Each structure stands twice: as structure tokens, then as C-alpha cells.
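# Examination of the molecular architecture
Residues per chain, in single letters:
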Amino acid sequence: MRNIAVWFEIPVKDMDRARLFYSNVLGYDLPLQDLGGILMAFFPMAGHGNSGALIRGDGYEPSARGTVVYLNAGEDLAESLERVEPAGGKVIVSKTKITDEYGHFALFQDTEGNLVGLHSMR
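Everything numeric here is computed off the predicted structure, so don't read it as measured data. (Residues numbered from 1 in each chain as written. Predicted model: local features only at pLDDT ≥ 70, side-chain atom pairs only at ≥ 80, totals over all residues. Heavy atoms only, no water.)

### Considering the overall build of the protein chain
- Scanning the protein chain for helices and strands turns up two helices and eight strands.
- Each helix (α) and strand (β) of the protein chain, taken in turn from the N terminus, gives the series β-α-β-β-β-β-α-β-β-β.
- Against the 2.2 N^0.38 benchmark of 14 Å for 122 residues, the protein chain shows a C-alpha radius of gyration of 14 Å, consistent with a compact globule.
- The principal-axis extent of the C-alpha atoms belonging to the protein chain is close to 45 × 35 × 25 Å.
- As displayed, the protein chain has an accessible area near 7,500 Å², and 51% of this comes from carbon and sulfur atoms.
- Counting 11 positive and 16 negative side-chain charges, the protein chain places the centres of these two groups 3 Å from one another. (Helix = DSSP H or I, 4+ residues; strand = E, 2+ residues; numbered from the N terminus. Rg over C-alpha atoms; globule rule 2.2 N^0.38 Å. Areas by Shrake-Rupley, 256 points an atom, 1.4 Å probe, with all protein chains shown as cover. Lys, Arg positive; Asp, Glu negative; His and termini not counted. Charge placed at Lys NZ, Arg CZ, Asp CG, Glu CD.)

Quick look at the structure:
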């Protein structure tokens, strides 16, 4: 069985602000590319794994309603979550244990108004 999700896009209004926010929270650069008037900043991807991008263009509107994307926050999401508010976001749900088998999650609102989750096993 393969993972069902293969790609996600997080809509943004201010690409520079959003790239800085996610770079500060997650600790890596998001390369920027203009694809015919659509700006995309790409999250890292190992091989042909699942990943996504920040996206700015006509028809893309940030929202705290709808689908929630959970980002892999490495070993312990607490480290990334601590950087959310200093980077301009807001913690909505602090680190919460799901189960021993499924790890932990947290939710935050990014600088664009999107509701986004973090996940880690520890």
C-alpha cells in the first residue's frame, strides 16, 4: 500500500513573509520558483517522497478553514513549535499526545492565516 497523499500546497498572500516564517519554524530554506506567474516555495523532499509548497497566485486564498496539512517536525515537534510565535504565527493547540503508536501533534496559525499541523513521534 502506498501513501495516499503525494503533494500539498499552502496558499499565501505574502511569499517573502511566508517563506521566512516557515524557514524560521522548520529550520530550512524553501527554494522559490516562478512558474508562469504562480510563485512556489518548495518544502524539502527525499527522492520521490511526499512533499509540497507554499503557493501564491490567482485562485489561491489562505484560510483557517478546510483541509489541514500536518508537517513532519522531526524527532520532537516541541522545537519547531517554540519558534512559531517568535516567527509571527500563533500556537492554537500545544503539543498533544495522540497515542504511543502515533506520536504527537500540534496546530498553529501561520502568518498568512492558514491552520497547519506539526507531527512527531516524540
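### Topic: the packing of aromatic side chains
- In the structure shown here, the tally under the stated rule is seven aromatic pairs.
- Relative to Tyr22, the ring of Phe21 has its centre 5.1 Å away and its plane inclined at 90°; by these criteria the two rings are edge-to-face. Considered together, Phe21 and Tyr22 belong to a single accessibility category, that of buried residues.
- Relative to Phe108, the ring of Phe21 has its centre 5.7 Å away and its plane inclined at 50°; by these criteria the two rings are tilted. With a gap of 87 residues between them, Phe21 in helix H1 (residues 15-26) and Phe108 in strand S7 (residues 103-109) connect regions that are remote in the sequence. Neither residue differs from the other here; Phe21 and Phe108 are each classed as buried.
- An aromatic cluster is built from Phe8, Phe21, Tyr22, Phe43 and Phe108, whose rings are joined through pairwise contacts. (Phe/Tyr/Trp six-rings, centres within 6.5 Å; stacked < 30°, edge-to-face > 60°. Buried < 20%, exposed > 50% of the residue type's maximum accessible area, 1.4 Å probe, protein only.)

### Quick look at the sheet that holds strand S2 (residues 32-35)
- Spatially, the four strands line up as an open sheet ordered S1-S4-S3-S2, and their pairing is mixed. Every other strand in the sheet has two partners, leaving strand S1 (7-11) and S2 as the edge strands with one partner each. Strand-to-strand twist across the sheet, computed as the mean angle between neighbouring axes with direction ignored, equals 30°.
- Packing against the sheet, H1 makes contact with S1, S2, strand S3 (38-42) and strand S4 (51-56), and its axis sits at approximately 150° to S4. (Pairing = 2+ DSSP bridges. Axes fitted to C-alpha atoms, helices over the stretch in contact; angles between N-to-C directions. Contact = heavy atoms within 4.5 Å.)

### Side note on the nonpolar core
- Judged by nonpolar contacts, the single largest core of 25 residues is most densely connected at Tyr22, Phe43, Leu54, Leu71 and Leu118.
- Those elements that provide at least two residues to this core are S1, H1, S3, strand S5 (69-72), helix H2 (77-82), S7 and strand S8 (115-120).
- With six residues, H1 is the single largest residue contributor to this core.
- Once residues within four sequence positions are removed from consideration, Leu118 is found in contact with Leu26, Tyr70, Leu71, Ala73, Leu77, Ser80, Leu81, His104, Phe105, Ala106 and Phe108. (Core = buried A, V, L, I, M, F, W, Y, C linked by side-chain atoms within 4.5 Å.)

### Structural notes on the layout of surface pockets
- Considered as a void within the structure, the largest pocket measures approximately 500 Å³ in volume.
- For the largest pocket, the lining is made up of 17 residues, of which Phe8, Asn50, Ser51, Tyr70 and Asn72 are closest to its centre.
- Among the elements of the structure, S1 and S5 are those that each provide at least two residues to the lining of the largest pocket.
- If you tally residues by element for the lining of the largest pocket, the top one is S5, at four residues.
- In terms of residue class, the lining of the largest pocket is made up of 13 nonpolar, four polar and no charged. (1 Å grid on protein atoms, 1.4 Å probe; cavity = no way out; pocket = protein on both sides within 12 Å on 5 of 7 lines; lining within 4 Å. Points joined across faces, edges and corners; volume = space filled by probe spheres on them. Nonpolar A, V, L, I, M, F, W, Y, C, P; charged D, E, K, R; others polar.)

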